[in-house]
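Coordinates in review
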Amino acid sequence: MSDTELVLRSTRVVTPDGTRPASVEVAHGTITAVTAHDAPVPGGARLEDLGDDVLLPGLVDTHVHVNDPGRSEWEGFWSATRAAAAGGITTLIDMPLNSLPPTTTVAHLRAKQRAAAGRIHVDVGFWGGALPDNVHDLRPLHEAGVFGFKAFLSPSGVDEFPHLDRERLDRSLEEITAFDGLLIVHAEDPHQLAAAPRHGGPRYADFLASRPRRAEDTAVAHLVDRAAHLDGRVHVLHLSSGDALPVIAAARADGVRLTVETCPHYLTLTAEEVPDGASEFKCCPPIREAANRELLWRALADGTIDCVVTDHSPSTADLKTDDFATAWGGISGLQLSLPAVWTEARGRGHGLEDVVRWMSARTAGLAGLGARKGAVAPGRDADFAVLAPDETFTVDPAALQHRNRVTAYAGRTLYGVVRSTWLRGRRILADGEFTAPQGRLLTRSP
């Protein structure tokens, strides 16, 4: 009798070697073999034949604001992880801010873990935070298993998470580099933002002018300089400015330890289509013009941008006012990120192998989870998304699992229907029905 408990069979399995017909064998939550499509099913194993639906590795989203505890009316572990599972995401890493307390000490990390325990439908890990006054907390947080440290170079929008000035950025990066940790950065320069036109009211054009590309470009150039000088590992969060790409490409060619992400809303939406007063489209950095969007797509194609993550940042609906100056800035994207990116990617000649690279393999690698997540391959966790890539649906906010069903994608027709989602060989979602929470709390591997 074989140890194999489950075989998933499809005519289209996305593996590190390409898409092919295959049978994927699972034992004890781990992929044990990827065999021929018509390979005999081991004795005692259950066969799930997926037909022509595509078997993908579960997506890994490394940029999610769950806001729990403290602002759980905005989101929460239960609702966020249901939304993730509905979108084929099987692992997420929670950002350290917008919850109360923020994840800036070991005690605060433990509070987050207690809030999540028993309530997560997918696997969840945590980023720590780098603040002006917590340099002494960074190593203990690293040893407690956070995946890296988030910092802002401009005001974060919440008082309990102040930004780093240039001196404190250096101090934090020096400390993090001493234990070879990872600093992930919201890169907008506060001086450039202060010099930009002031705005208020419903006009999106005014809001866009208040967050100019040069604010990102200046901040990214400074990060590159400090990463090169200190030999630190730095990751640029939610890049929206295509003008920063030449500096990034040159730094990487010079061996600077720099990685970069962008988000589905920057790849899917454009400034030209944002209606005035529609603050469901507000985020920082902002959604920019169509020509800028194409620069981001080219950078994904050539590898200058490494990966795509949601920056899921929800709030209650009342905070999404029609005044772009005062509305909460954040886009809820967990459930829709895979179809949103796939819809745009397929129209540009990209395949699902590319989407998996951007949203699963490279994000798993960024978090140090590449040995466990991000591929349909022996030895990896048996985390899967089953996708009907040629089917379409129209986004109905009422069908979303997010706690607050505000979405910039409402009414859009997208390709890619998630049929089912699997976590360590267990189906956690099928045809809109969820099992009880099966997720685990993750920590950084030593």
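Quick note: structure is the one above.
Quick summary incoming for the structure in this document. Keep in mind that this is a model prediction, so the values were computed, not measured.

1. Regarding the packing of helix α4 (residues 166-178) against helix α7 (residues 213-230)
Viewed as axis vectors pointing N to C, α4 and α7 meet at an angle of 40°, and their least axial separation amounts to 11 Å. Judged by the inter-axis angle, α4 sits oblique to α7. Here α4 and α7 pass one another in a crossing that is right-handed. On α7, the residues touching R166, L169, D170, L173, E174 and T177 of α4 are T218, H222, L223, R226, A227 and L230.

2. Thoughts on the sheet that holds strand β10 (residues 149-152)
Within the open sheet, the six strands sit side by side as β9-β10-β11-β12-β13-β14. Their pairing is parallel. Because the sheet does not close on itself, it has two edges, and the strands there are β9 (128-129) and β14 (307-308). As paired strands, β9 and β10 are joined by two bridges and run parallel to one another. Counterpart to G129 in the pairing with β10 is K150.

3. Observations concerning the packing of aromatic side chains
The full count for this structure, using the stated rule, is eight aromatic pairs. Centroid distance W297 to W358: 5.8 Å. Interplanar angle 70°. Geometry classified as edge-to-face. Taken together, the residues span a long stretch of sequence, with W297 in helix α10 (residues 290-302) and W358 in helix α12 (residues 352-366) at a distance of 61 residues. Judged by its relative accessible area of 0%, W358 falls in the buried class.

4. Structural notes on the packing of helix α2 (residues 106-116) against helix α3 (residues 135-144)
Orientation of α2 relative to α3, taken along the N-to-C sense of each, is 35°, at an axis distance of 9 Å. Contact with α2, carried on its side by V106, L109 and R110, involves P140, L141 and A144 of α3 and no other residues of that element. Along the lines of polarity and charge, the residues of the contact of α2 with α3 split into five nonpolar, no polar and one charged.

5. Things to note about helix α8 (residues 245-253)
The complete set of buried residues in α8 reads L245, I248 and A251. Taken around the axis of α8, the buried residues stretch over an arc of 130°, which confines them to a single face. Exposed positions of α8 whose direction lies more than 90 degrees from the buried face are P246 and A253. Where α8 is buried, its residues contact α7, β13 (258-262) and α10. The positive-phi residue at the C-terminal boundary of α8 is G255, with phi of around 90°.

6. A few points about the nonpolar core
Ranked by size, the top nonpolar core spans 100 residues in total, and within it L56, F149, L183, L239, L258 and W358 carry the most contacts. If near-sequence neighbours (up to four positions away) are discounted, L183 is found in contact with A130, F149, A151, L169, L173, I176, R233, V234 and H235. Among the nonpolar cores identified, the runner-up in size contains 20 residues, and L97, F147, F152 and A364 belong to it.

7. Things to note about the pattern of salt bridges
Applying the stated criterion to the full structure yields 31 salt bridges. The salt bridge involving R293 is made with E294; its shortest N-O contact spans 3.2 Å. The exposure class of R293 is buried, given its relative accessible area of 15%. Of the charged contacts in the structure, one is a salt bridge between E294 and R348, with a shortest N-O distance of 2.6 Å. Within this pair, whereas E294 is found in helix α10, its partner R348 is found in the loop between α11 (337-347) and α12, the two being separated by 54 residues in sequence. For E294, a relative accessible area of 26% translates into the label partly exposed. What makes R348 partly exposed here is its relative accessible area of 28%. One network of salt bridges, with partners in common, ties together D123, K373, D381, D383 and R424.

8. A look at the sheet that holds strand β6 (residues 59-64)
The parallel open sheet is built from three strands, whose spatial order is β6-β7-β8. The outermost strands of the open sheet, each flanked by one partner alone, are β6 and β8 (123-126). Taken over all neighbouring pairs, the strand axes of this sheet differ in orientation by 20° on average, direction set aside. Two elements, strand β7 (residues 89-94) and β8, share four bridges in a ladder whose sense is parallel. The partner of I93 across the bridge, within β8, is G125. Sitting on the sheet, helix α1 (residues 77-86) is in contact with β7 and β8, with an inclination near 140° to β7.

9. Structural notes on the side chain of H265
Summarising the element assignment, H265 is placed in helix α9 (residues 264-268). Owing to a relative accessible area of 2%, H265 belongs among the buried residues under this scheme. Each residue touching H265, except ones within four places of it in the same chain, is listed here: C283, I287, T310, D311, I331 and Y409.

10. Some remarks on α4
Counted at 1.5 Å a residue, the expected span for α4 with its 13 residues is 18 Å, and the 18 Å between its end C-alpha atoms agrees. Looking at the buried positions of α4, the neighbouring elements they touch are α3, β10, β11 (182-186), α7 and β12 (233-236). Regarding α4, its N-cap is D165, as a side-chain oxygen of that residue lies 3.3 Å from the backbone nitrogen of E167 further along. Looking one or two residues beyond α4, the residue adopting positive phi is D180, at roughly 55°.

11. Re unusual backbone geometry
With an omega dihedral of 10°, the bond running from L100 to P101 counts as a cis peptide bond. By the secondary structure assignment, P101 is in the loop between β7 and α2. For the bond running from C284 to P285, omega is -5°, close enough to zero to count as cis. A positive phi angle, close to 55°, is found at D231, a residue other than glycine. By the element assignment, D231 lies in the loop between α7 and β12. A relative accessible area of 47% places D231 in the partly exposed class. Positive phi, normally seen in glycine, also occurs at H238, with a value near 30°. With respect to the helices and strands, H238 occurs in the loop between β12 and α8.

About the criteria used
Residues numbered from 1 in each chain as written. Predicted model: local features only at pLDDT ≥ 70, side-chain atom pairs only at ≥ 80, totals over all residues. Heavy atoms only, no water. Axes fitted to C-alpha atoms, helices over the stretch in contact; angles between N-to-C directions. Helix = DSSP H or I, 4+ residues; strand = E, 2+ residues; numbered from the N terminus. Parallel < 35°, antiparallel > 145°, perpendicular 65-115°, else oblique. Left-handed = near helix turned anticlockwise from the far one by under 90°. Contact = heavy atoms within 4.5 Å. Pairing = 2+ DSSP bridges. Phe/Tyr/Trp six-rings, centres within 6.5 Å; stacked < 30°, edge-to-face > 60°. Buried < 20%, exposed > 50% of the residue type's maximum accessible area, 1.4 Å probe, protein only. Nonpolar A, V, L, I, M, F, W, Y, C, P; charged D, E, K, R; others polar. Arc of directions from axis to C-beta. Core = buried A, V, L, I, M, F, W, Y, C linked by side-chain atoms within 4.5 Å. Salt bridge = Lys/Arg side-chain N within 4 Å of Asp/Glu carboxyl O. Expected span 1.5 Å × (residues − 1). Polar contact = N/O pair within 3.5 Å; in protein donor to acceptor, adjacent residues only side chain to side chain.

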